[in-house]
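# A structural walkthrough
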Amino acid sequence: MCHSCADLEVTSALISDLNDYAGLPGADLEFLDVTAYGLVSAIRVMQQPEAYPPPGHGYPRQDG
């Protein structure tokens with residue numbers, strides 16, 4: 001797996017884990033706010049077709 005694809009996979013997993021954590025009683029809301037902001041920023045970078053992920057890795061917005 002290329003570096004860009006691995007980054008996309010890890011970021012997606014972190015968002016999923018963060019969502020699960022948010023549903024727990026006593027979840028740290030400040031941690032959630034700061035972490036979610038960072039992950040959303042990363043996803044915005046990934047949505048720039050010229051930057052992320054590279055063509056040829058099966059992502060429709062670049063390969064289709």
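Bear in mind the structure is a predicted one, so any value in this text is a computation, not a measurement. (Residues numbered from 1 in each chain as written. Predicted model: local features only at pLDDT ≥ 70, side-chain atom pairs only at ≥ 80, totals over all residues. Heavy atoms only, no water.)

## Section: the overall build of the protein chain
Looking only at helices and strands, the protein chain features three helices and zero strands. Taken from N to C terminus, the helices and strands of the protein chain fall in the order α-α-α. Sequence separation of at least 24 residues holds for 41% of the intrachain contacts in the protein chain that already meet a minimum separation of 6. Of the roughly 4600 Å² of accessible surface on the protein chain, a fraction of 60% belongs to carbon and sulfur atoms. (Helix = DSSP H or I, 4+ residues; strand = E, 2+ residues; numbered from the N terminus. Contact = heavy atoms within 4.5 Å. Areas by Shrake-Rupley, 256 points an atom, 1.4 Å probe, with all protein chains shown as cover.)

## Comments concerning the packing of aromatic side chains
Under the criterion given, the structure shown has one aromatic pair. Ring geometry for Y21 against F31: centres 5.8 Å apart, planes inclined by 85°, an arrangement best described as edge-to-face. Residue Y21 is found in helix α1 (residues 3–22), and its partner F31 is found in helix α2 (residues 29–46); the two are separated by 10 residues along the sequence. (Phe/Tyr/Trp six-rings, centres within 6.5 Å; stacked < 30°, edge-to-face > 60°.)

## A word on the environment of N19
Note that N19 resides in helix α1. The sequence separation of N19 and L32 amounts to 13 residues, and the corresponding C-alpha distance is 8.9 Å.

## Looking at the environment of A27
As for its placement among the helices and strands, A27 is situated in the loop between α1 and α2. The residues contacting A27, other than those within four sequence positions of it, are Y21, A22 and L32.

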